[in-house]
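Analysis of the macromolecular model
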Amino acid sequence: MTDPVHDPKIHTIYLGRQVYQASYEQMRDDAEIREAVDLVEQAVKANQLRYYVPPCQAARDFLNDPKSDVKMMVAPNGVGKTCLALIDVILDCIPNDPEWELFKVEGITPRVWMGPKKVAICTYKMQLHKRHIWPEIQKWIPHDQLGQYKPTQAGESIGRGHKEPSWDRDPHIRLNCGTRIYFMAYEQDQDVFESFACDLFLWDEQGVEAKFDGADERVRRRSGRHVF
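Quick summary incoming for the structure in this document. (Residues numbered from 1 in each chain as written. Predicted model: local features only at pLDDT ≥ 70, side-chain atom pairs only at ≥ 80, totals over all residues. Heavy atoms only, no water.)

**Section: the environment of Lys117**
- Here Lys117 shows up in the loop between helix H5 (101-104) and strand E4 (118-123).
- We classify Lys117 as buried; its relative accessible area is 17%.
- For the pair Lys117 and Ile94, spaced 23 residues apart in sequence, the C-alpha to C-alpha distance is 8.5 Å.
- Aside from chain neighbours lying at most four places away, what touches Lys117 is Asp92, Cys93, Thr179, Arg180 and Asp199. (Helix = DSSP H or I, 4+ residues; strand = E, 2+ residues; numbered from the N terminus. Buried < 20%, exposed > 50% of the residue type's maximum accessible area, 1.4 Å probe, protein only. Contact = heavy atoms within 4.5 Å.)

**Concerning unusual backbone geometry**
- Residues other than glycine seldom take positive phi values, yet Asp170 does so here, at roughly 45 degrees.
- Take Asp170: it is sitting in the loop between helix H7 (143-146) and strand E5 (172-174).
- Positive phi outside glycine occurs at Ser223, with the angle close to 55 degrees.
- By the secondary structure assignment, Ser223 is in the loop between helix H9 (209-221) and strand E8 (225-227).

**With respect to the sheet that holds strand E3 (residues 70-71)**
- Taken together, the six strands give an open sheet; going across it, the order is E3-E8-E7-E4-E6-E5, and neighbouring strands pair in mixed fashion. The open sheet is flanked by E3 and E5, the only strands paired with a single partner.
- Pairing of strand E7 (residues 200-203) with E8 involves three bridges; the strand directions are parallel. Across the sheet, residue Leu202 finds its bridge partner in E8, namely Val227.
- The strands that helix H4 (residues 81-93) touches are E3, E4, E7 and E8; relative to E7, the one it contacts most, it runs at about 170 degrees.
- Across the sheet, helix H6 (residues 126-140) touches E4, E5 and strand E6 (180-185), and the angle it forms with E6 is around 145 degrees. (Pairing = 2+ DSSP bridges. Axes fitted to C-alpha atoms, helices over the stretch in contact; angles between N-to-C directions.)

**Regarding the state of the cysteines**
- All told, the structure shown has zero disulfides when counted by the stated rule.
- Cys177 takes part in no disulfide bond, and the closest cysteine sulfur to it belongs to Cys93, at a distance of 7.2 Å.
- Cys177 gets classed as buried once you look at its relative accessible area, which sits at 17%.
- For the unlinked cysteine Cys198, the closest cysteine sulfur is that of Cys93, found at 10 Å. (Disulfide = S-S within 2.5 Å.)

**Notes on the packing of H4 against H6**
- For the pair H4 and H6, interaxial distance at closest approach is 10 Å and the crossing angle is 50 degrees. Judged by the angle between their axes, H4 and H6 are oblique. The interaxial crossing formed by H4 with H6 has right-handed handedness. Counting all contacts with H4, which are made through Thr82, Cys83, Leu86, Ile87 and Ile90, the residues of H6 involved are His132, Ile133, Glu136, Ile137 and Trp140.
- Grouping the amino acids of the contact of H4 with H6 by side-chain chemistry returns seven nonpolar, two polar and one charged. (Parallel < 35°, antiparallel > 145°, perpendicular 65-115°, else oblique. Left-handed = near helix turned anticlockwise from the far one by under 90°. Nonpolar A, V, L, I, M, F, W, Y, C, P; charged D, E, K, R; others polar.)

**A few points about the packing of aromatic side chains**
- Applying the stated criterion to the full structure yields 15 aromatic pairs.
- Measuring from ring centre to ring centre gives 6.0 Å for Trp134 and Phe183, while their planes differ by 90 degrees; the resulting arrangement is edge-to-face. Of this pair, Trp134 sits in helix H6 while Phe183 sits in strand E6, and the two are 49 residues apart along the sequence.
- For Phe183, a relative accessible area of 2% gives the class buried.
- Ring centres 5.2 Å apart and planes at 55 degrees place the aromatic pair Trp167 and Phe183 in the tilted group. With a gap of 16 residues between them, Trp167 in the loop between H7 and E5 and Phe183 in strand E6 connect regions that are remote in the sequence.
- Assessed through its relative accessible area of 13%, Trp167 is described here as buried.
- By way of ring pairs, the aromatic residues Tyr124, Tyr186, Phe193, Phe201, Trp203, Phe212 and Phe228 are connected into one cluster.
- Cation over ring: Lys117 sits above Trp113, and NZ or CZ is 5.7 Å from the ring centre. (Phe/Tyr/Trp six-rings, centres within 6.5 Å; stacked < 30°, edge-to-face > 60°. Lys NZ or Arg CZ within 6 Å of the ring centre and 35° of its normal.)

**Here's the deal with the nonpolar core**
- Counting 39 residues, the largest nonpolar core has Ile137, Ile173, Leu175 and Phe183 as the members making the most contacts within it.
- Broken down by secondary-structure element, the contributors of at least two residues to this core are helix H3 (57-63), H4, H5, E4, H6, E6 and E7.
- With nine residues, the top contributor of residues to this core is H4.
- Residues contacting Phe183, with those up to four places away along its chain left out, are Ile121, Met126, His129, Ile133, Trp134, Ile137, Pro165, Trp167, Pro171, His172 and Ile173.
- Ranked by size, the runner-up nonpolar core spans 14 residues in total, among them Tyr182, Cys198, Phe201 and Trp203. (Core = buried A, V, L, I, M, F, W, Y, C linked by side-chain atoms within 4.5 Å.)

Here you go:
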């Protein structure tokens, strides 16, 4: 018997713990069903953060600790560490709506909005930002905050109302709430880390101790925090 969730003839949409399904035949033959499916899909794409389901209790505990000045998620490859760390940082970056399912259903405590933040996200090479981190940011930051940085849809081009970070010079984005997110890489020189002050520093994968020490001097001055 075919699992209805994975039936290739059925279109499935996940809204957190809710699952919406319609067969491709129904969508083809019934305009109202097709329109309803489109509306649900657009709602999810516009704000996937509100429907995020933490994969385990450790993930919930991680997200429910916004005060530790250094915290780390340690786990094997491919279990969602970078995604979880990004969501933790994003919750501090934007106003939280207590009505989101992430808070009402999943037991995560909304963050108190303290105004725009200055955030650094660092990984091995800048190329990894373009290939991996940036698509995840576009996925999890609500589109009303991304503005022109929201991902393109089918048939759209970047040149029509869409922007990319300036990867070749000072790559960063500014959200509509005023938060600025800067993209950094361990391949950059030490002085880059010692001269950059921010409220939040996300270290993807295994950071470099000397560069952490340099960045930490600046983060401490702003009573900021690090997420690994």
